[in-house]
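# Summary of the model geometry
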Amino acid sequence: MIAVVSYAQIKTFTYRKTVRVGYFYDDGFHAGQSDLRMKSGYGYDYYQAVSDYVPWDYEYVYGCWGEIYEKLLAGEVDIVADMSVTEERKSQMLFSALPMGEEHYYVFVPHGTDFVEIGKNKSLNGKRFCVDKNSLEESIFVQYIKDNKINCEIIPCSGITEKLSKLKLGEADGIISTDGLTSGGLKPVILIGSSDFNFAVNKNKPELLEDLDYAMMNILENNPGFNNSLKGKYFSDISINNGFSPEQREWLAQHNIIKIGYRAESMPFSDYNRHTNSVDGLLKDLIDRSNASGDFLLVPVLYENNNAMANALRRGDIDCMFPVMDNIWLSEQLGYKQTHSLGTEKMALVFQGEYKGLSNYKRFGYTYGSPFQKVFMIEHKLAEDMIVFDRIEDSLKAIKNGYIDSIVINNTGWRYIKKNYPEFRNLETVVLDGTVGFSFAVSKDNFMLLSILNNLLDRIDKSIINESLNKYSQLEDVYSIKDFLKHNTVFVSLLAGFLILILLISGYFIQRNSMQKKYLKFASEHDGLTGVYNRTGFYRLSALKDDDKKKLCFAIVDIDDFKNINDTYGHEAGDKVLKYVSEELIHSVRGNDKIVRYGGDEFILMMYGLEETSKQVIELKAKYLNQKLQNPKGNVPAVTVSIGAAFSNNGYSKDLFNRADEALYTTKKRGKSGITIHS
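Residues numbered from 1 in each chain as written. Predicted model: local features only at pLDDT ≥ 70, side-chain atom pairs only at ≥ 80, totals over all residues. Heavy atoms only, no water.

### Section: the overall build of the protein
Helices and strands together make up the secondary structure of the protein, namely 24 helices and 25 strands. Its C-alpha atoms give the protein principal-axis dimensions of roughly 90 × 80 × 55 Å. Taking the contacts inside the protein whose residues are at least 6 apart along the sequence as the reference set, 72% of them involve residues at least 24 apart. Within the structure as shown, the protein displays about 33,900 Å² of accessible surface, and the carbon and sulfur contribution to it stands at 52%. Computing the positive centroid from 79 side-chain charges and the negative centroid from 88, the protein places the two 3 Å apart. (Helix = DSSP H or I, 4+ residues; strand = E, 2+ residues; numbered from the N terminus. Contact = heavy atoms within 4.5 Å. Areas by Shrake-Rupley, 256 points an atom, 1.4 Å probe, with all protein chains shown as cover. Lys, Arg positive; Asp, Glu negative; His and termini not counted. Charge placed at Lys NZ, Arg CZ, Asp CG, Glu CD.)

Next up, the structure:
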C-alpha cells in the first residue's frame, strides 16, 4: 500500500492525462457501447486496474474492431486492448511489455448443427467461415487450413457484429473467434491456435506506454493471478465440449441408466430424506435438472460412508459417487478419478470454549468413511493426534466431554448440523484458511463417463450450484445476542457503563506503556537518517522462518560513485541522496517488502513471495528506479544505482547474500546503472 499510495500522490500533483480508449464491441471484453451504458468486461476491468496506479482519465471511442484498429493507426485513439503482437504491427504501434492475457482461437458453429464435428478438422472442407480482417485470427486460420490441407472459404469481416449477421443470414457456416466469445447460440468445435494479447499504444505516445508498463508491472506483482482471475470472471463458461460428441452419445445409448452412490448426512451435498424416501441436497437438484433433459437417467444409491461407496465403485455396483474431496492424491489412493470441481467450500475448526489458537489444538477427531477430514488435517499440518469416530455426532459429543479438542468440517456442513442438532449449537467455530473442492468420482478406467460428467458440469451455471448449497444449509432462527440485549436492557446498560469506565482507565496506562515499548523497538531496528531497517533489523528479518517468507527475491542496491557526491557537494548533499534513494526504493516495492540500509551507501531489498518467473518485473523495477533517480526534484544531485539480485525458495541464507553480491559485482563491472539477476 505504501508503494501504491506514494506513487499515486506524486502523479496526482504533477499531471493527469486524458487517454482515448478504443472501445470495440465485445460483450465479454467491452460491454457498454455508449457513455450512458454500464460498462464491464475483461478489457474494461483491466483499464480500471491500470488507473489504480497511474493518473489516467478515460475518453471512450466506440466502434467495431476494424474501425478501432484504423483509428489507432491514424492517431484518433491512444490505446487499444486485446491486440496480438506481430512483426508488421511492431512498426505501426507500441506494445505493452507484459501481456494482458492469453486467448485461444476456435471454429464456432451454431448449436444444434453437426456439419462440423467436434475436433475433426476435415469436416471444415467446403464450408464458409467469417474472420476479422487484418487480424491475427485470420492469419492463424489461414495457416491452420494450409497445414491441414483443408479447402474452405474465408469471409473477411469488420468485427463480431458483421460476423454474426452473415451467419444469421446464411451467408456463412461458422465464424472464427476467441475463447472470449459470449454471444449465445454458438458452440466451439475445433481449436486452431492460441496467442498472447497485449495493450497497443499509438506509436506517437511513448509516455503513455511508460505509464502503462509501470501500472501492469505493479498489477501483476501484487496479484500474479490477475489475468487468470479476469478470465475466470468473464469467460469461465466457455468450453470446447458444450455438446455431446458422437462417441459420448453412443456410450450413453448403451448406458442410459447411471447409478450414483451417495452418503447420508453429508449436507448440503447429499442426504437421505426419510419423509420422501429419496435423496436430498445438492445432488437431488443436479439429478432433477439432468433427468429433465431425457438423454439418460441418473439413479441415486445410498451408502453409509465413503469406504462403502468406493468398494461399490470398484465392484461396478455403481457408476460414480458423490461427494468426494477434490484432491488428486486422495483419488489416486482410493483408486478413482474425480471430475471437475462443483465448487469450493471453506473449512471450519469446531471446538469448545474460547479459541486458543490453531497450534494449541492437538487431538483431532474425524469420521470413518469421510477421508477429506483426515486429508485436510494432514495437508494443513493439523494432524498431531487423530481419533476416528463412526459418526460425526460422536465426534462432536467427544468435543463436549473433552475427549478430543476439535474437528474440521466444511463450513456449510456445520451450518446444517447447527440447524438440525441443537445440542451442538454451543460449540464454537473458526473459519480456516484455504478451501476444499467437491467432485464426482468414477472408476479410473471409465474415461467416457468422466468426460460426460465433466461436460455436464461445465454446462451448469455455477450460480445454480451456489443457490442449491445455500438452500440446504440455511439456519433456523436461534436465540441471538440481539435477543439477549432486548430482554435485559437495564442490566446491560449499567454493566456497559461500568466496563467502559474500567476500560478507559486501563487503556490509558496500557497504551502509554505499549507506545514506549514500540518506540524503543522501532528505534533499535531502524536507520535514523532514512527510516528504513538497519543491520539490527536485518538480522531479525533474516532469521524469520515463516512459510510465507520462504519465496524471496533478495537484492543488494549500491549507489554508484557515492564518494564523489560527498567530495563534490558535501556530506549534507550526500545525506539528501541517501534519503531520496530510500524514498524511491519504498515507492518501488510493495508494503510487505522490507528495505534495509546495510552500509553507508548500500541498501538491501527483501521482496517476499516472488519467484524467478518475476524476473521481468524486477528488471522493469530497476529501469524505472534509475529513471527516477536521474531526474530528482529540488537540489538533490542526480545518481544511479547498481543492483544484484538472486531468488530463493527457502528463505534467507548466507549463500543467497553471496549470490546477490556476485550479481552486484557483475553489474558494476558491466558499467553500473543497471541490474544483474543471478541465475
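Back to the text.
### Quick notes on unusual backbone geometry
Here Phe 322 and Pro 323 are connected by a cis peptide whose omega angle stands at -5 degrees. By the secondary structure assignment, Pro 323 is in strand β14 (residues 320-325). The phi angle at Asn 134 is positive, at roughly 60 degrees, despite the residue not being glycine. As for its placement among the helices and strands, Asn 134 is situated in the loop between β6 (128-132) and α5 (136-147).

### Side note on the side chain of Asn 198
Positionally, Asn 198 belongs in strand β9 (residues 186-202). A polar atom in the side chain of Asn 198 sits 3.0 Å from the backbone oxygen of Ser 96. Setting aside anything within four residues of it in sequence, one finds Asn 198 in contact with Val 80, Ala 81, Asp 82, Met 83, Val 85, Phe 95, Ser 96, Leu 98, Pro 99 and Met 100. (Polar contact = N/O pair within 3.5 Å; in protein donor to acceptor, adjacent residues only side chain to side chain.)

### Focus: the sheet that holds strand β23 (residues 602-608)
Pairing in this open sheet of five strands is mixed, and the strands run β22-β23-β21-β24-β25 from one edge to the other. With one partner strand each, in any of the chains shown, β22 (594-597) and β25 (674-677) form the two edges of the open sheet. Strand-to-strand twist across the sheet, computed as the mean angle between neighbouring axes with direction ignored, equals 20 degrees. Strand direction decides the pairing type here: strand β24 (residues 641-648) and β25, joined by four bridges, are parallel. (Pairing = 2+ DSSP bridges. Axes fitted to C-alpha atoms, helices over the stretch in contact; angles between N-to-C directions.)

### A closer look at the environment of Ile 150
Within the element layout of this structure, Ile 150 appears in the loop between α5 and β7 (153-157). For Ile 150, a relative accessible area of 9% gives the class buried. Spatially, the C-alpha atom of Ile 150 lies 51 Å from that of Pro 371, the residues being 221 residues apart in sequence. Those residues in contact with Ile 150, other than ones at most four positions away along the chain, are Asn 121, Leu 124, Asn 125, Tyr 144 and Ile 145. (Buried < 20%, exposed > 50% of the residue type's maximum accessible area, 1.4 Å probe, protein only.)

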